[in-house]
Amino acid sequence: QVQLVESGGGLVQPGGSLRLSCVASGSIFSVNTMGWYRQAPGKQRELVATITSAGRTNSADSVKGRFIISRDNAKNTVYLQMDSLKPEDTAVYYCNADIFAHRLPIGITQREYWGQGTQVTVSS
């Protein structure tokens, strides 16, 4: 089976920085698009940024110029570098990945996987 393991969340002051990491592991054939989503209390989950296996990125207007998504295909890892953090960035951040996986006895299957979420709190 496939798992996504996130790390890097925590408490930071406004204007500070955090770097989130997410590693996909398991019976993986290939990892396609990966991304980060977030959900603040009382709000719907929203897209933060995505990156394709070829490196094409997309990000929400609210984080452009502050957040950078990147990936290491050899390590099946996606990163989110967050700079100039604001209180409104406070949310649970979830890693997402579209993955072709080996599944016995079926074979290769494709589906999206989610991490457990990591809390990011921006407060003075």
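Residues numbered from 1 in each chain as written. Predicted model: local features only at pLDDT ≥ 70, side-chain atom pairs only at ≥ 80, totals over all residues. Heavy atoms only, no water.

A.B. asks: Explain the sheet that holds strand β7 (residues 67-72) residue by residue, including any values.
C.D. replies: A sheet is described by the order of its strands in space; here four strands give the open sequence β1-β3-β8-β7, paired in antiparallel fashion. Among the strands making up the open sheet, the edge pair consists of β1 (2-7) and β7. For this sheet the average axis-to-axis angle between neighbouring strands, irrespective of direction, equals 15 degrees. As paired strands, β7 and strand β8 (residues 77-82) are joined by six bridges and run antiparallel to one another. Paired with R71 across the two strands is V78, which belongs to β8. (Pairing = 2+ DSSP bridges. Helix = DSSP H or I, 4+ residues; strand = E, 2+ residues; numbered from the N terminus. Axes fitted to C-alpha atoms, helices over the stretch in contact; angles between N-to-C directions.)

A.B. asks: Please provide a residue-by-residue account of the environment of S25, values included.
C.D. replies: Tracing the backbone shows S25 in strand β3 (residues 18-26). We classify S25 as partly exposed; its relative accessible area is 33%. Expressed as a C-alpha distance, the spacing of S25 and G10, which sit 15 residues apart in the sequence, is 23 Å. When residues no more than four places from it in sequence are discounted, the contact partners of S25 are Q1, V2 and Q3. (Buried < 20%, exposed > 50% of the residue type's maximum accessible area, 1.4 Å probe, protein only. Contact = heavy atoms within 4.5 Å.)

A.B. asks: Could you give an account of the packing of aromatic side chains, with specific residues and numbers?
C.D. replies: Using the criterion set out here, one finds one aromatic pair in the structure. In this arrangement the basic side chain of R19 is found over the ring face of Y79, its NZ or CZ atom lying 4.3 Å from the centre. (Phe/Tyr/Trp six-rings, centres within 6.5 Å; stacked < 30°, edge-to-face > 60°. Lys NZ or Arg CZ within 6 Å of the ring centre and 35° of its normal.)

A.B. asks: Talk me through the pairing of strand β4 (residues 28-39); I want residue IDs and the actual numbers.
C.D. replies: In regular strands, side chains alternate between the two faces of the sheet. Pairing of β4 with strand β9 (residues 91-103) involves nine bridges; the strand directions are antiparallel. Paired with R38 across the two strands is Y93, which belongs to β9. In this structure, β4 lies alongside strand β5 (residues 46-51), joined through five bridges in antiparallel fashion. Counted as the bridge partner of M34 is I51 from β5. In this structure, the hairpin formed by β4 and β5 is closed by a connection of six residues, where G42 is found at a positive phi of approximately 75 degrees.

A.B. asks: Lay out the side chain of T77 in plain terms, naming residues and giving numbers.
C.D. replies: Within the secondary structure layout, T77 lies in strand β8. Of note is the side chain of T77, whose polar atom sits 2.9 Å from the backbone oxygen of K75. Those residues in contact with T77 that lie beyond four places of it in its chain are C22, V23, M34, S70, R71 and D72. (Polar contact = N/O pair within 3.5 Å; in protein donor to acceptor, adjacent residues only side chain to side chain.)

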